[in-house]
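Structure assessment
The chain contents come next:
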Amino acid sequence: SLTTCSGQDKKVNKHKADPVVRASPDEPLPPPQWEVEYVAAYFSRETCRDASHVIADIARLVGLARGSASEEECLGELKDKLDITPIKKRLEPFLNPILPRHTIRVNIGDVETQTLGPSTSSGISSDLLRLHFDAPAGTQLTTTADIDSPPCWAVPGRTVLAEPTGWGVISDIDDTIKITGTLSPVAVLKSTFIDTPTPVAGMPELYTDLVKLLADPIFFYLSGSPYNLYPFLRSFRKEHFPDGTMILRDASWQNLGGLISSLSVDVKTYKVDRLEKMHTWFPDRQFICIGDSTQKDPESYGEIARRHPGWIKAIYIRRVADENDIQGALDPDRNSNKRFETAFKGLDEKMWLVFDDADEVRRNVQLLTR
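In this text the structure is predicted, and so the values were computed from the model without any measurement.

A short note on the overall build of the protein chain
Counting its regular elements, the protein chain contains 12 helices and 15 strands. Taking all 370 residues of the protein chain together, the buried fraction comes to 49%. Partitioning the contacts of the protein chain with sequence separation of at least 6, the portion at a separation of at least 24 is 73%.

Structure follows, in C-alpha coordinates:
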(Lines give C-alpha, C1' and ligand atoms only; values in the text may rest on other atoms or scores of the structure.)
Protein backbone atom coordinates (compact mmCIF):
# COMPACT_ATOMS: atom_id res chain seq x y z
CA SER A 1 0.00 0.00 0.00
CA LEU A 2 1.06 3.55 -0.68
CA THR A 3 0.08 6.46 1.54
CA THR A 4 0.63 9.83 -0.02
CA CYS A 5 0.16 13.54 0.29
CA SER A 6 -0.65 14.47 -3.26
CA GLY A 7 0.16 17.79 -4.87
CA GLN A 8 -0.66 18.51 -8.52
CA ASP A 9 -1.64 15.22 -10.14
CA LYS A 10 -0.09 14.35 -13.45
CA LYS A 11 -2.61 14.14 -16.26
CA VAL A 12 -1.93 10.74 -17.72
CA ASN A 13 -3.64 7.90 -19.49
CA LYS A 14 -4.59 5.72 -16.54
CA HIS A 15 -4.29 2.46 -18.49
CA LYS A 16 -0.96 3.26 -20.12
CA ALA A 17 2.20 1.65 -18.83
CA ASP A 18 5.63 3.12 -19.52
CA PRO A 19 8.10 0.23 -19.36
CA VAL A 20 11.77 1.08 -19.34
CA VAL A 21 13.26 -0.89 -22.21
CA ARG A 22 16.38 -2.69 -21.03
CA ALA A 23 17.23 -4.40 -24.36
CA SER A 24 17.17 -3.21 -27.96
CA PRO A 25 14.66 -0.41 -28.66
CA ASP A 26 13.22 -2.56 -31.47
CA GLU A 27 12.74 -5.64 -29.30
CA PRO A 28 9.03 -6.20 -28.48
CA LEU A 29 8.00 -6.06 -24.85
CA PRO A 30 6.88 -9.35 -23.28
CA PRO A 31 3.14 -9.85 -22.73
CA PRO A 32 1.79 -9.20 -19.23
CA GLN A 33 2.75 -12.06 -16.90
CA TRP A 34 1.60 -10.88 -13.49
CA GLU A 35 -1.32 -8.99 -12.00
CA VAL A 36 -0.89 -6.96 -8.81
CA GLU A 37 -3.52 -5.14 -6.77
CA TYR A 38 -2.35 -1.77 -5.49
CA VAL A 39 -4.23 0.02 -2.73
CA ALA A 40 -3.35 3.63 -1.99
CA ALA A 41 -4.63 5.88 0.81
CA TYR A 42 -4.36 9.61 0.13
CA PHE A 43 -4.00 12.18 2.92
CA SER A 44 -2.80 15.77 3.11
CA ARG A 45 -0.03 16.46 5.61
CA GLU A 46 -0.06 20.20 4.99
CA THR A 47 -3.30 20.91 6.84
CA CYS A 48 -3.12 18.46 9.77
CA ARG A 49 -5.39 19.51 12.64
CA ASP A 50 -4.02 19.95 16.14
CA ALA A 51 -4.19 16.74 18.15
CA SER A 52 -4.55 18.28 21.61
CA HIS A 53 -8.34 18.13 21.90
CA VAL A 54 -8.47 14.54 20.64
CA ILE A 55 -5.74 13.44 23.04
CA ALA A 56 -7.66 15.09 25.87
CA ASP A 57 -10.86 13.27 24.85
CA ILE A 58 -9.07 9.91 24.79
CA ALA A 59 -7.45 10.58 28.16
CA ARG A 60 -10.86 11.24 29.73
CA LEU A 61 -12.46 8.20 28.07
CA VAL A 62 -9.78 5.72 29.15
CA GLY A 63 -9.51 7.09 32.68
CA LEU A 64 -6.08 8.71 32.43
CA ALA A 65 -7.53 12.14 33.21
CA ARG A 66 -10.50 13.39 35.18
CA GLY A 67 -13.74 13.53 33.23
CA SER A 68 -14.28 17.14 34.27
CA ALA A 69 -10.71 18.22 33.42
CA SER A 70 -10.15 20.90 30.81
CA GLU A 71 -8.06 20.22 27.71
CA GLU A 72 -5.02 21.85 29.30
CA GLU A 73 -5.48 19.92 32.55
CA CYS A 74 -5.92 16.63 30.64
CA LEU A 75 -2.67 17.15 28.74
CA GLY A 76 -0.89 18.08 31.95
CA GLU A 77 -2.11 14.97 33.77
CA LEU A 78 -1.25 12.78 30.78
CA LYS A 79 2.29 14.14 30.41
CA ASP A 80 2.94 13.23 34.05
CA LYS A 81 2.08 9.59 33.27
CA LEU A 82 3.46 8.84 29.82
CA ASP A 83 5.08 10.17 26.65
CA ILE A 84 2.39 11.60 24.37
CA THR A 85 4.62 11.68 21.25
CA PRO A 86 3.60 8.13 20.12
CA ILE A 87 -0.06 9.07 20.70
CA LYS A 88 0.27 12.05 18.37
CA LYS A 89 1.93 9.88 15.72
CA ARG A 90 -0.87 7.29 15.80
CA LEU A 91 -3.52 10.00 15.69
CA GLU A 92 -1.99 11.85 12.75
CA PRO A 93 -3.77 9.83 10.00
CA PHE A 94 -7.11 10.61 11.70
CA LEU A 95 -6.33 14.34 11.69
CA ASN A 96 -4.93 14.64 8.16
CA PRO A 97 -7.69 15.55 5.67
CA ILE A 98 -8.37 12.82 3.11
CA LEU A 99 -7.85 13.54 -0.58
CA PRO A 100 -10.62 12.33 -2.91
CA ARG A 101 -10.32 12.17 -6.73
CA HIS A 102 -6.51 12.02 -6.66
CA THR A 103 -4.14 9.93 -8.75
CA ILE A 104 -0.48 9.17 -8.40
CA ARG A 105 2.11 7.87 -10.82
CA VAL A 106 4.16 4.95 -9.47
CA ASN A 107 7.42 3.30 -10.48
CA ILE A 108 7.21 -0.50 -10.31
CA GLY A 109 10.48 -2.30 -9.74
CA ASP A 110 12.41 0.34 -11.70
CA VAL A 111 10.97 -1.25 -14.85
CA GLU A 112 7.72 0.52 -15.65
CA THR A 113 5.42 3.26 -14.40
CA GLN A 114 1.66 3.17 -14.09
CA THR A 115 -1.08 5.29 -12.54
CA LEU A 116 -3.06 4.60 -9.37
CA GLY A 117 -6.42 6.20 -8.69
CA PRO A 118 -8.46 8.28 -8.76
CA SER A 119 -9.22 7.95 -5.07
CA THR A 120 -12.77 7.58 -3.78
CA SER A 121 -14.59 9.94 -1.42
CA SER A 122 -12.82 8.05 1.39
CA GLY A 123 -9.42 8.86 -0.10
CA ILE A 124 -8.78 5.23 -1.13
CA SER A 125 -7.94 3.83 -4.55
CA SER A 126 -7.71 0.17 -5.56
CA ASP A 127 -6.25 -0.85 -8.90
CA LEU A 128 -5.53 -4.29 -10.38
CA LEU A 129 -2.55 -3.65 -12.66
CA ARG A 130 -1.03 -5.96 -15.24
CA LEU A 131 2.77 -5.87 -15.25
CA HIS A 132 4.37 -5.66 -18.67
CA PHE A 133 7.50 -7.57 -17.72
CA ASP A 134 8.22 -11.06 -16.47
CA ALA A 135 10.04 -12.10 -13.32
CA PRO A 136 10.48 -15.37 -11.42
CA ALA A 137 7.99 -16.32 -8.70
CA GLY A 138 9.25 -15.11 -5.35
CA THR A 139 10.68 -11.90 -6.80
CA GLN A 140 10.22 -8.90 -4.51
CA LEU A 141 9.28 -5.67 -6.27
CA THR A 142 9.48 -2.24 -4.69
CA THR A 143 6.95 0.34 -5.87
CA THR A 144 7.66 4.00 -5.26
CA ALA A 145 5.68 7.13 -5.96
CA ASP A 146 6.86 9.18 -8.93
CA ILE A 147 6.68 12.53 -7.14
CA ASP A 148 8.24 15.80 -8.23
CA SER A 149 6.77 18.41 -5.88
CA PRO A 150 8.43 18.67 -2.41
CA PRO A 151 5.21 18.70 -0.30
CA CYS A 152 4.40 15.17 -1.41
CA TRP A 153 5.44 12.14 0.56
CA ALA A 154 4.76 8.44 0.13
CA VAL A 155 5.47 5.08 1.74
CA PRO A 156 7.04 2.60 -0.72
CA GLY A 157 5.09 -0.59 -1.37
CA ARG A 158 6.63 -4.05 -1.53
CA THR A 159 5.19 -6.86 -3.63
CA VAL A 160 6.15 -10.54 -3.70
CA LEU A 161 5.19 -12.38 -6.89
CA ALA A 162 3.41 -15.56 -5.78
CA GLU A 163 2.79 -18.75 -7.72
CA PRO A 164 -0.83 -19.86 -8.25
CA THR A 165 -0.43 -23.04 -6.18
CA GLY A 166 0.80 -23.85 -2.69
CA TRP A 167 -0.42 -22.93 0.79
CA GLY A 168 -1.76 -19.65 2.12
CA VAL A 169 -2.77 -18.21 5.50
CA ILE A 170 -5.64 -15.76 5.98
CA SER A 171 -5.43 -14.14 9.41
CA ASP A 172 -7.50 -11.63 11.32
CA ILE A 173 -5.51 -9.08 13.34
CA ASP A 174 -7.45 -7.64 16.30
CA ASP A 175 -7.65 -10.11 19.19
CA THR A 176 -6.35 -12.88 16.92
CA ILE A 177 -2.69 -11.86 16.76
CA LYS A 178 -2.81 -8.45 18.51
CA ILE A 179 -4.49 -7.68 21.83
CA THR A 180 -7.06 -4.99 21.02
CA GLY A 181 -10.02 -5.51 23.35
CA THR A 182 -12.51 -5.32 20.50
CA LEU A 183 -15.45 -6.01 22.80
CA SER A 184 -14.94 -2.69 24.62
CA PRO A 185 -14.74 0.72 22.87
CA VAL A 186 -12.64 2.05 25.74
CA ALA A 187 -10.24 -0.88 25.43
CA VAL A 188 -9.97 -0.31 21.66
CA LEU A 189 -8.99 3.33 22.18
CA LYS A 190 -6.47 2.44 24.88
CA SER A 191 -4.81 -0.38 22.92
CA THR A 192 -4.76 1.64 19.70
CA PHE A 193 -3.53 5.01 20.91
CA ILE A 194 -2.03 4.57 24.39
CA ASP A 195 -0.55 1.12 24.96
CA THR A 196 2.45 -0.50 23.34
CA PRO A 197 0.91 -2.95 20.83
CA THR A 198 1.11 -6.45 22.28
CA PRO A 199 0.87 -9.74 20.37
CA VAL A 200 -1.41 -12.48 21.62
CA ALA A 201 0.65 -14.98 23.62
CA GLY A 202 2.09 -17.77 21.49
CA MET A 203 0.92 -16.41 18.15
CA PRO A 204 4.25 -14.98 16.85
CA GLU A 205 5.89 -18.35 17.48
CA LEU A 206 2.98 -20.17 15.84
CA TYR A 207 3.15 -18.02 12.69
CA THR A 208 6.91 -18.55 12.47
CA ASP A 209 6.28 -22.28 12.59
CA LEU A 210 3.57 -22.00 9.92
CA VAL A 211 6.19 -20.70 7.50
CA LYS A 212 8.02 -24.01 7.91
CA LEU A 213 5.03 -26.33 8.25
CA LEU A 214 3.29 -24.93 5.16
CA ALA A 215 6.47 -24.60 3.07
CA ASP A 216 6.64 -20.79 2.89
CA PRO A 217 2.95 -19.90 2.44
CA ILE A 218 1.62 -16.50 1.41
CA PHE A 219 0.00 -14.49 4.22
CA PHE A 220 -3.03 -12.20 4.09
CA TYR A 221 -3.84 -10.10 7.18
CA LEU A 222 -7.55 -9.23 6.94
CA SER A 223 -8.84 -6.63 9.41
CA GLY A 224 -11.89 -4.44 9.84
CA SER A 225 -9.62 -1.54 10.83
CA PRO A 226 -9.62 1.52 8.54
CA TYR A 227 -6.61 2.57 6.48
CA ASN A 228 -5.86 5.33 9.00
CA LEU A 229 -4.29 2.55 11.09
CA TYR A 230 -2.18 1.09 8.28
CA PRO A 231 1.17 2.56 9.47
CA PHE A 232 0.49 1.46 13.05
CA LEU A 233 -0.59 -2.08 12.12
CA ARG A 234 2.13 -2.51 9.52
CA SER A 235 4.78 -1.63 12.09
CA PHE A 236 3.27 -4.13 14.54
CA ARG A 237 3.09 -6.88 11.91
CA LYS A 238 6.65 -6.23 10.77
CA GLU A 239 7.98 -6.58 14.31
CA HIS A 240 6.15 -9.77 15.26
CA PHE A 241 4.76 -11.67 12.24
CA PRO A 242 5.73 -12.89 8.74
CA ASP A 243 5.47 -10.63 5.72
CA GLY A 244 2.09 -10.53 4.06
CA THR A 245 -0.55 -8.41 2.41
CA MET A 246 -2.50 -6.27 4.85
CA ILE A 247 -6.11 -5.80 3.75
CA LEU A 248 -7.99 -3.12 5.68
CA ARG A 249 -11.41 -1.57 5.36
CA ASP A 250 -11.83 0.91 2.50
CA ALA A 251 -12.38 3.87 4.78
CA SER A 252 -10.34 6.75 6.14
CA TRP A 253 -12.20 7.91 9.23
CA GLN A 254 -11.80 11.44 10.50
CA ASN A 255 -13.26 10.64 13.94
CA LEU A 256 -12.81 8.02 16.63
CA GLY A 257 -16.42 6.88 16.42
CA GLY A 258 -15.74 5.72 12.87
CA LEU A 259 -12.85 3.60 14.14
CA ILE A 260 -15.12 1.81 16.62
CA SER A 261 -17.82 1.32 13.97
CA SER A 262 -15.39 -0.17 11.46
CA LEU A 263 -14.57 -2.96 13.91
CA SER A 264 -18.20 -3.85 14.59
CA VAL A 265 -20.60 -2.78 11.80
CA ASP A 266 -21.22 -5.05 8.78
CA VAL A 267 -17.97 -6.90 9.47
CA LYS A 268 -19.17 -10.20 7.97
CA THR A 269 -20.27 -8.56 4.71
CA TYR A 270 -16.92 -6.78 4.42
CA LYS A 271 -14.81 -9.84 5.20
CA VAL A 272 -16.71 -12.24 2.92
CA ASP A 273 -16.34 -9.71 0.09
CA ARG A 274 -12.56 -9.58 0.58
CA LEU A 275 -12.34 -13.36 0.90
CA GLU A 276 -14.15 -13.68 -2.43
CA LYS A 277 -11.56 -11.36 -3.96
CA MET A 278 -8.75 -13.51 -2.59
CA HIS A 279 -10.38 -16.56 -4.17
CA THR A 280 -10.29 -14.88 -7.58
CA TRP A 281 -6.57 -14.24 -7.07
CA PHE A 282 -5.57 -17.72 -5.90
CA PRO A 283 -8.35 -20.25 -6.63
CA ASP A 284 -5.85 -23.12 -6.82
CA ARG A 285 -4.04 -22.50 -3.54
CA GLN A 286 -4.97 -24.19 -0.26
CA PHE A 287 -5.72 -21.87 2.64
CA ILE A 288 -6.08 -22.02 6.39
CA CYS A 289 -8.05 -19.25 8.13
CA ILE A 290 -7.25 -17.95 11.62
CA GLY A 291 -9.56 -15.64 13.56
CA ASP A 292 -11.22 -15.11 16.92
CA SER A 293 -14.62 -15.15 18.57
CA THR A 294 -15.05 -11.43 19.26
CA GLN A 295 -16.71 -10.43 15.98
CA LYS A 296 -17.72 -12.35 12.84
CA ASP A 297 -14.69 -14.45 11.92
CA PRO A 298 -16.45 -17.82 12.43
CA GLU A 299 -19.43 -16.79 10.29
CA SER A 300 -17.22 -15.20 7.60
CA TYR A 301 -14.86 -18.14 7.27
CA GLY A 302 -17.72 -20.65 7.41
CA GLU A 303 -19.54 -18.83 4.61
CA ILE A 304 -16.54 -18.73 2.27
CA ALA A 305 -15.69 -22.38 2.96
CA ARG A 306 -19.21 -23.43 1.94
CA ARG A 307 -19.12 -21.29 -1.21
CA HIS A 308 -15.82 -22.76 -2.41
CA PRO A 309 -15.51 -26.38 -1.24
CA GLY A 310 -11.91 -27.49 -0.97
CA TRP A 311 -10.37 -24.01 -1.06
CA ILE A 312 -10.30 -23.63 2.74
CA LYS A 313 -8.58 -26.61 4.35
CA ALA A 314 -8.88 -25.58 8.00
CA ILE A 315 -10.39 -22.85 10.17
CA TYR A 316 -8.97 -21.93 13.59
CA ILE A 317 -10.89 -19.62 15.94
CA ARG A 318 -9.28 -18.23 19.09
CA ARG A 319 -11.77 -18.23 21.96
CA VAL A 320 -11.59 -14.78 23.60
CA ALA A 321 -12.89 -14.88 27.15
CA ASP A 322 -15.36 -12.30 28.45
CA GLU A 323 -13.52 -9.70 30.50
CA ASN A 324 -16.56 -8.62 32.48
CA ASP A 325 -20.16 -9.60 33.16
CA ILE A 326 -21.53 -6.86 30.89
CA GLN A 327 -19.98 -8.34 27.78
CA GLY A 328 -21.28 -11.79 28.67
CA ALA A 329 -24.78 -10.45 29.27
CA LEU A 330 -24.85 -8.62 25.93
CA ASP A 331 -23.87 -11.74 23.97
CA PRO A 332 -24.14 -14.87 26.14
CA ASP A 333 -23.75 -17.22 23.14
CA ARG A 334 -20.57 -15.65 21.76
CA ASN A 335 -18.35 -18.53 22.89
CA SER A 336 -21.02 -21.23 22.91
CA ASN A 337 -20.84 -24.52 21.02
CA LYS A 338 -24.17 -23.59 19.43
CA ARG A 339 -22.67 -20.51 17.81
CA PHE A 340 -19.72 -22.36 16.30
CA GLU A 341 -21.81 -25.29 15.14
CA THR A 342 -24.14 -22.86 13.37
CA ALA A 343 -21.26 -20.89 11.83
CA PHE A 344 -19.65 -24.05 10.46
CA LYS A 345 -22.83 -25.90 9.53
CA GLY A 346 -22.30 -28.23 6.57
CA LEU A 347 -18.51 -28.40 7.03
CA ASP A 348 -16.57 -31.45 8.16
CA GLU A 349 -16.23 -31.14 11.95
CA LYS A 350 -12.54 -32.02 11.62
CA MET A 351 -12.06 -28.94 9.44
CA TRP A 352 -12.54 -26.37 12.21
CA LEU A 353 -11.12 -25.87 15.67
CA VAL A 354 -11.92 -23.42 18.46
CA PHE A 355 -8.71 -23.01 20.48
CA ASP A 356 -7.49 -21.42 23.68
CA ASP A 357 -3.77 -21.98 23.15
CA ALA A 358 -1.63 -21.61 20.02
CA ASP A 359 -0.14 -25.08 20.57
CA GLU A 360 -3.53 -26.58 19.67
CA VAL A 361 -3.30 -24.99 16.23
CA ARG A 362 0.30 -26.08 15.75
CA ARG A 363 -0.58 -29.72 16.43
CA ASN A 364 -3.57 -29.55 14.11
CA VAL A 365 -1.51 -28.08 11.25
CA GLN A 366 1.11 -30.77 11.72
CA LEU A 367 -1.60 -33.41 11.19
CA LEU A 368 -3.06 -31.43 8.26
CA THR A 369 0.18 -31.39 6.33
CA ARG A 370 1.18 -35.04 6.82
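Text resumes after the structure shown.
Some thoughts on the packing of helix H8 (residues 267-281) against helix H9 (residues 297-307)
Two measures define how a pair of helices packs: the angle their axes make with one another and the distance between the axes. Where H8 contacts H9, the two axes come as close as 9 Å, and the packing angle between them is 35°. Between H8 and H9 lies a crossing whose hand is right-handed. For the pair H8 and H9, contact is made by Lys268, Lys271, Val272, Leu275 and Glu276 and by Asp297, Glu299, Ser300, Tyr301, Glu303, Ile304 and Arg307, respectively. Its residues assigned to classes, the contact of H8 with H9 comprises 4 nonpolar, 1 polar and 7 charged.

Remarks on the packing of helix H1 (residues 52-61) against helix H3 (residues 85-95)
It is at 10 Å that the axes of H1 and H3 come closest, and there the two elements cross at 115°. Note that H1 runs across H3; the crossing there is right-handed. Here Val54, Ile55 and Ile58 of H1 come into contact with H3, specifically with Ile87, Lys88, Leu91 and Leu95.

Points about unusual backbone geometry
The amide bond that connects Gly117 to the next residue, Pro118, takes the cis arrangement and shows omega of 10°. On the secondary structure map, Pro118 appears in the loop between strand S5 (112-116) and strand S6 (124-131). Positive phi, close to 60°, is recorded for Arg101, a residue that is not glycine. Counting through the fold element by element, Arg101 comes out in the loop between H3 and strand S4 (104-108). Judged by relative accessible area, Arg101 falls into the exposed class, the value being 65%. Its identity is not glycine, yet Asp216 carries a phi of approximately 60°, on the positive side. With respect to the secondary-structure elements, Asp216 resides in the loop between helix H5 (203-213) and strand S11 (218-226).

Considering the side chain of Ser191
Within the secondary structure layout, Ser191 lies in helix H4 (residues 185-194). For Ser191, the side chain forms a polar contact with the main-chain oxygen of Val188, separated by 3.2 Å. Those residues in contact with Ser191 that sit more than four places away from it in its chain are Arg90, Lys178, Ile179, Thr180 and Phe232.

Observations regarding the sheet that holds strand S12 (residues 245-249)
Taking strand neighbours across the sheet as the criterion, the 6 strands line up as S12-S11-S10-S13-S14-S15 in an open arrangement whose pairing is parallel. Across the chains shown, the open sheet's two edge strands, defined by having one partner strand only, are S12 and strand S15 (352-355). Between one strand axis and the next, the sheet turns through 15° on average, direction left out of account. Across the face of the sheet, H9 comes into contact with strand S10 (167-171), strand S13 (286-292) and strand S14 (312-318) while running at roughly 175° to S14.

As for the side chain of Arg105
When you line up the elements, Arg105 lands in strand S4. Judged by its relative accessible area of 8%, Arg105 falls in the buried class. Within the structure, the side chain of Arg105 is placed 2.4 Å from the side chain of Thr115, a separation counted as a polar contact.

Brief notes about the nonpolar core
The biggest cluster of nonpolar side chains holds 54 residues, and the ones touching the most others in it are Leu91, Met203, Tyr207, Leu210 and Ile288. If near-sequence neighbours (up to four positions away) are discounted, Met203 is found in contact with Thr176, Ile177, Phe241, Ile290, Phe355 and Ala358. Phe287, Cys289, Phe344 and Val354 belong to the second largest nonpolar core, which has 25 residues in total.

Description of the pattern of salt bridges
The full count for this structure, using the stated rule, is 19 salt bridges. Between Lys271 and Asp172 there is a salt bridge, and its shortest N-O distance comes to 2.8 Å. Of this pair, Lys271 sits in helix H8 while Asp172 sits in the loop between S10 and H4, placing them 99 residues apart in sequence. The two residues Lys271 and Asp172 agree in class, both being buried. A salt bridge links Asp297 to Lys271, with the shortest nitrogen-to-oxygen separation between them at 2.7 Å.

Structural notes on the confidence of the model for the protein chain
Per-residue confidence for the protein chain averages 85 on the pLDDT scale, and 83% of its residues sit at or above 70. Low pLDDT, under 50, characterises residues 1-15; the stretch is placed with 59 contacts to residues that sit more than four places away or in other chains. Confidence drops under pLDDT 50 across residues 19-25; counting only partners more than four residues distant or on other chains, this segment forms 10 contacts.

Side note on the packing of aromatic side chains
In the structure shown here, the tally under the stated rule is 11 aromatic pairs. Judged by centre distance (6.3 Å) and plane angle (35°), the rings of Phe220 and Phe287 are tilted. Here the residue Phe220 occupies a position in strand S11, and Phe287 occupies one in strand S13, the gap between them amounting to 67 residues. Residue Phe287 is classed as buried on the basis of its relative accessible area, which comes to 0%. Centroid distance Phe236 to Phe241: 5.8 Å. Interplanar angle 50°. Geometry classified as tilted. Here Phe236 matches Phe241 in class, with each residue buried.

Reading the values: the criteria
- Residues numbered from 1 in each chain as written.
- Predicted model: local features only at pLDDT ≥ 70, side-chain atom pairs only at ≥ 80, totals over all residues.
- Heavy atoms only, no water.
- Helix = DSSP H or I, 4+ residues; strand = E, 2+ residues; numbered from the N terminus.
- Buried < 20%, exposed > 50% of the residue type's maximum accessible area, 1.4 Å probe, protein only.
- Contact = heavy atoms within 4.5 Å.
- Axes fitted to C-alpha atoms, helices over the stretch in contact; angles between N-to-C directions.
- Left-handed = near helix turned anticlockwise from the far one by under 90°.
- Nonpolar A, V, L, I, M, F, W, Y, C, P; charged D, E, K, R; others polar.
- Polar contact = N/O pair within 3.5 Å; in protein donor to acceptor, adjacent residues only side chain to side chain.
- Pairing = 2+ DSSP bridges.
- Core = buried A, V, L, I, M, F, W, Y, C linked by side-chain atoms within 4.5 Å.
- Salt bridge = Lys/Arg side-chain N within 4 Å of Asp/Glu carboxyl O.
- pLDDT = per-residue confidence, 0-100.
- Phe/Tyr/Trp six-rings, centres within 6.5 Å; stacked < 30°, edge-to-face > 60°.

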